[in-house]
Structure formats: structure tokens, C-alpha cells
Amino acid sequence: MATLPPRKNLSRKKIFKQQMTPLQTLLQLGFPKNRAEKALAATGHRGIQLASDWLLAHVKDPTLDFIAHRQYVLYACPTGALAENLSKFWVESEQLGWNGALNYMPHITLVSFFQVSDELEPEFVYSLNNIIDRNESYNRVHFEPYISPNFMGLFVKDEDAKWLNEISANYVAKLSTYNIIANHQVKPLHLTLAYQFPSNLFQPLRTMVEKLKPATVDNWEIRLYSRDSRLENSRVHKVIYAYTSREDDDLELRVGDYIYITEESYNSSTDGWVEGTSWLTGATGNFPLNHTKRTAESDSWTLHCTVQINSNVEEIVEEEEEEEEEVEEPTSSSSSIIPARQLLICRHGERVDFTFGEWIPYCFEDGCYIRRDLNMPKVIPTRNINEFKHDGPITSIGELQARLMGDAIKSSKMQVDAAFTSPFLRCIQTLNNILKGLELDLPIKIEPGLTEWLAWYPAGVPTWMTPEELINAGYNVDTNYNHIIKMKDLTIKETSTQYYERSYKLIKHIIENTKGNILIVGHASTLSALTKQLTGGEIPPPSEITKIAQKISYLACAVTSKESNGWQLQAPPFPPITHNSNNKFDWKVLL
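Residues numbered from 1 in each chain as written. Predicted model: local features only at pLDDT ≥ 70, side-chain atom pairs only at ≥ 80, totals over all residues. Heavy atoms only, no water.

The chain has the name Protein UBASH3A homolog isoform X1 in an unreviewed UniProt entry, where Polistes dominula is given as its organism.

Trainee: Looking at this model, I keep getting lost on the packing of aromatic side chains. Mind explaining?
Mentor: Two aromatic rings, taken as a pair, are described by how far apart their centres are and by the angle between their planes. With the rule as written, the count across this model stands at 24 aromatic pairs. For the pair Tyr75 and Trp301, a centre-to-centre distance of 5.9 Å together with 45 degrees between the ring planes defines the contact as tilted. Highlighted residues: Tyr75 in strand S1 (residues 70-79) and Trp301 in the loop between strand S11 (292-295) and strand S12 (302-309), separated in sequence by 226 residues. Trp301 carries the same exposure label as Tyr75, and that label is buried. (Phe/Tyr/Trp six-rings, centres within 6.5 Å; stacked < 30°, edge-to-face > 60°. Helix = DSSP H or I, 4+ residues; strand = E, 2+ residues; numbered from the N terminus. Buried < 20%, exposed > 50% of the residue type's maximum accessible area, 1.4 Å probe, protein only.)

Trainee: Honestly, the pattern of salt bridges in this entry has me stumped. Any pointers?
Mentor: All told, the structure shown has 19 salt bridges when counted by the stated rule. Its salt-bridge partner being Lys33, residue Glu37 comes within 2.5 Å of it at the nearest N-O pair. With a gap of four residues between them, Glu37 and Lys33 both fall in helix H3 (residues 33-42), about one helical turn apart. Note that Lys562 is salt-bridged to Glu84, the shortest N-O span being 3.9 Å. Residue Lys562 is found in strand S19 (residues 557-563), and its partner Glu84 is found in helix H5 (residues 81-96); the two are separated by 478 residues along the sequence. (Salt bridge = Lys/Arg side-chain N within 4 Å of Asp/Glu carboxyl O.)

Trainee: How should I be thinking about the sheet that holds strand S8 (residues 258-262) in this particular structure?
Mentor: In any sheet, the strands associate via hydrogen bonds between backbone groups, in a parallel or an antiparallel arrangement. The sheet built from five strands is open, its strands ordered S10-S9-S8-S7-S11 with antiparallel pairing. The outermost strands of the open sheet, each flanked by one partner alone, are strand S10 (284-288) and S11. Put simply, the sheet's adjacent strands are angled 45 degrees from each other on average, direction ignored. With four bridges joining them, strand S7 (residues 234-239) and S11 adopt antiparallel strand pairing. Bridged to Val236 within S11 is Thr295. (Pairing = 2+ DSSP bridges. Axes fitted to C-alpha atoms, helices over the stretch in contact; angles between N-to-C directions.)

Trainee: What should I look at first to understand the nonpolar core in this one?
Mentor: Generally speaking, a soluble globular protein has its nonpolar side chains buried in company with each other. Core analysis: the biggest nonpolar cluster contains 65 residues, and Ile434 and Ile520 have the highest contact counts within it. Counting residues per element, this core draws most heavily on helix H14 (residues 425-438), which supplies seven residues. Excluding anything up to four places from it in sequence, Ile520 contacts Leu343, Leu344, Ile345, Cys346, Phe420, Leu450, Ile507, Ile510 and Leu530. Trp90, Leu102, Ile132 and Leu191 belong to the second largest nonpolar core, which has 51 residues in total. (Core = buried A, V, L, I, M, F, W, Y, C linked by side-chain atoms within 4.5 Å. Contact = heavy atoms within 4.5 Å.)

Trainee: Teacher, can you tell me more about the packing of H5 against helix H8 (residues 202-211) here?
Mentor: Packed helices, taken two at a time, are described by the angle between their axes plus the distance between the axes. Interhelical geometry of H5 versus H8 gives an angle of 170 degrees and a closest axis separation of 10 Å. Taken together, H5 and H8 sit at an angle that is classed as roughly antiparallel. On H8, the residues that touch Phe89, Glu92, Ser93 and Leu96 of H5 are Pro204, Leu205, Met208 and Val209. Of the residues belonging to the contact of H5 with H8, the class tally is six nonpolar, one polar and one charged. (Parallel < 35°, antiparallel > 145°, perpendicular 65-115°, else oblique. Nonpolar A, V, L, I, M, F, W, Y, C, P; charged D, E, K, R; others polar.)

Trainee: How do you make sense of the pairing of S10 when you look at a structure like this?
Mentor: For a regular strand, side-chain orientation follows a simple rule: the groups alternate between the two sheet faces. For strand S9 (residues 273-278) and S10, the ladder comprises five bridges, and the chain directions are antiparallel. The partner of Thr277 across the bridge, within S10, is Thr284. Once S9 ends, the chain turns through five residues before running back antiparallel as S10, passing Gly282 with a positive phi of about 80 degrees.

Trainee: Any chance you could explain the sheet that holds strand S18 (residues 518-522) here in plain terms?
Mentor: Taking strand neighbours across the sheet as the criterion, the six strands line up as S17-S16-S18-S13-S19-S20 in an open arrangement whose pairing is mixed. The open sheet has two edge strands with one neighbour each: strand S17 (444-446) and strand S20 (566-570). Geometrically, the sheet is characterised by an average inter-axis angle of 25 degrees between neighbouring strands, direction not taken into account. Pairing between strand S16 (residues 418-421) and S17: three bridges, direction parallel. By the bridge assignment, Ala419 is partnered in S17 with Ile444. On the sheet, helix H16 (residues 496-512) packs against strand S13 (342-347), S16, S18 and S20 and is oriented at approximately 150 degrees with respect to S18.

Written out as C-alpha cells, the structure reads:
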């Protein structure tokens, strides 16, 4: 066979495709330029798929073609121990009543809101990285508390404000090269704790502020956010109950969406209905206010860029040891960046019984398992055959789904520190395969409290495999784990409310007694049951639980992150698993 001659010039078409920008790709897909730029800016330039999804969701947005520049703001946000303390303060102060500080995450404003056209977004955003001098040793920020009848906060001491002001001034100068007008903070730098609160909250808030102690060692992030210009002077509510439009001027509500409400609309409502604008779709209409809950305005913002600023920990420790001999040396956990904790909850993989129906008589002969289909597992654990009827295994596809999920979690750089599962075999096998994909040898903690709603088991709680049986089958079971909810405490007479309360009690206990990020494998209903109340939602009615479960596909994943305003649902940092059905092939059709 003749060898191919070397090519001197590569295909022009190939080169063009490799160098296409997200904007060029969207234009090639047929989106108008102004809409494509708006979508990319609104989604923080996080990819073509997210931008195109935003465009499709906003087809009914009356302002889609308006030239309305997004508003940007530059914050210095604490991380680590200080962020943890402030997060607790935010939660406790919200329980007293709403105040203006709860509209935002804890921060120090470096550059107040400025407007930028959508076409400039990809150019100026990443210039933020260039204004940070990596050779500079940034000092720790010392605070002085300030308390008055209408404002409470922590003011940065003058000597510590210099490097923050320098970053602010450098960024404003950089923006000017793009003809962007912005002003760095001229007021004394401060972190607001509470303002715009009623007079009766002054004393309890004051007590809380006085007890708040800034962390011994803290680190900072410089973050660039943007918001929809329609959000200015509006309050934000999060949708906790879905609502389907019944009138032409109604606004459809989807759980998890954010609604912008003007103060005028809110104050003028007399019947519990207000006019608002959807963050998800951009549409405006009337909706029932009791289907929403007020949340921080910043929850609906777009994060464009983050630059970590780490303090020189060793110098700080030495300095404080000299100043205060009685202060204990900071632990390693307090002297490093503590990222937001994450909770990853997955449904199990594809079930054998749901795929093949009555599979047990078909697959067992004289007590021996026979693999009748390539999608049936190669081997199954040794146990009483009848126990598989209500506690069956997953298919080969289910195992593949789980390993793919483990690989996706690993690729996303999401760390997993502890792994829990429902006692059902399909959940244990799913978690085992996710850990294989993650290449982790974490012990599997089997928790009976993760069992799905027991009203679906009128014949009684199934007989699960014992830890000894599972270990003999090759599963790395944590035999030292003490169940939070005992098997004897589970009852088939459980109501839907009791199921959600059981799940909420369980997840709080797991979070409080586990360090780091948590991976949980459960059932279709588990994703909602564990996250609904944790993220501020209310228990849905029984009919809704079934509807929700029907929408949860195999290996569907819910990710919650502990933010300054509590645990919040967020988009998983990896794509979902989608596959088509494949009917059984009968070779006889070829005869």
C-alpha cells in the first residue's frame, strides 16, 4: 500500500471550527448577534449550551432585544473561618426578621455597580486576573465593630485597607481602557452586618454582633458579579411552590426560579397577588406571593470571575502569638481556605425488575442464577432468592451509569469525603460503582433512614442484606457506622409529612456529624425529601411527591452548597445521563 504524502496545509475548515468562539457558534446556529451576546453575558460565558438554553427560556421576554446593559459590581468576599462565622450570623439574624444586609452575601464593596455593554463582557472580565500582583504579600484584614440604631458592621482598619483600595483603583483604571466608567469605593471599607431593621430588633442584633468574633486567620476572594438591570430597586423571592398560569396576565412559577418584585408592587398588593418578573424566563405577570419566599438579591446574580487572595498565614500566626500569648495557635483548618461544603444526592441506577419484569423465575434454575440478557448482572450476591423480589439488583447498564457518574464527579474536581446509601441493594450497588468511577476506597455507610417513603411498601419493610452478606459479596461496608434512624423505627404507616420530616432530621444529623462533602445514593423521592426543607422549601402534598418522583431519572443528581444564606440547590458541575430505550432483539426476525 502506498504511503500518504505529508500535508503542508491543514484543512481551512478544520482550523476554523477549532478557533470558533462561543459567539461565532451561536451566530452559526442562527441566533441574532445582540441576543447571543446578551445570553453569554447573562450566563457568565460558561458555555454554548448554557447560553442557548437561556435564549430558549427567554423567548417570551419582552426585553430580549432591548439594549439594557448589565450592572457589574466588584466585591471582596471572606472565605474560611470568617465566612463560616458570618454564615451562621446571617442565618440567626434572618430568624429575627429581614434586614437590608440579608439581600447580599457577606462582602466588602470595592467597586460599586457600573454598566457594561454585553459585547465587552468577554474582554474586560478576565482582566481582573491581571491586576492582582502574585508576588505581593496581602495582609490580614483587621476589623473594628460599629453599632448604631440603624447600622451595624465591621470597618476595616486604615492600615489594612491599603491593599484592598489598591486593587480597587487598579481595576477602575483597567476598566477605563475599555471606556467603561466606574468608581472605586470612596467610603471607609466595611462589611455590613445589619441595616434597615425595625427598632425592636436593635438589641437582639446588637447582642449577636457583640458575640461575633472575626476569625483568627482569614482569606479573601475578589469576585466580579453582574445582575439584570431590572433587578435594581427590587426585592427577590425564590419560588417554593409551582404555579400554572390560569389567566393571560399570570406568571408561571417554577420551583427554584427567582422573581423580581418592585417595592411598589409589593406594597400595593391587597389580595396576596403581586406582579413580578421571572429570572428564569424574563417574563412578567401576576402570581400568588405565598408560593414564594424572600431570599437574597445576590442569589440571582451571575458570577463572572473569582480571584483568590491568600493571606500570609505564617506571619499572621507569629504576629498574634507576640500580641496575645494566651491565644491558642490556629489549627490547620482555620489557617486555610475552607470551600463551601457540598451535598451530592443521586438516585440509584437502572433496576433489573423495572427493566425485565418478573425476572426471578426466568433467571433461576435449581437455585442457580443464569444471565439471560447482557443487561442482566454477570453475578448477583448470595442470599435467599425470594428476598430479591422486593430488593433487586441493578442492571449492567445501571452499573455503567454509576461508573460514568463517578468519573464525571472526579472530572469536575468535586471532592467526596463521606458516602451514605439507602439499605436497598440497588442503592448499595450504585454507590459501589460510583466510588469505582471516582477511584475512591471510601467505606459505604448504610443508613436505614434513607429508605424511600414506606407508604409504597404495603407488604412491609423488605428484608435487606446484612453487612456480613454484603462484605462477602465484595462491598466495602463500614461496620462501625451507627445508624441514625434504626430499622425498628421505620413504619409502613408513615405519612408523606412524616417521610419528609424523617428525611430532614436525617440530613441535618449527617451534616452536623460529618466533615467535608457528602455523597448520598437513594431513591427518586430522596432528592426532594433531603433538600426541600434544607433549602428553605415546604413539604409538598402527597400527590406532588409521586409526580416529583416520576421526573427523577436513573442517576439523577441534586447538588446543594452551603452558602452565606444557608444551603442552596445549584446546577451540578457535570452533565446528566440520557439514553434511549433498546428493545429486546429477536434474531428470528431475520428468518
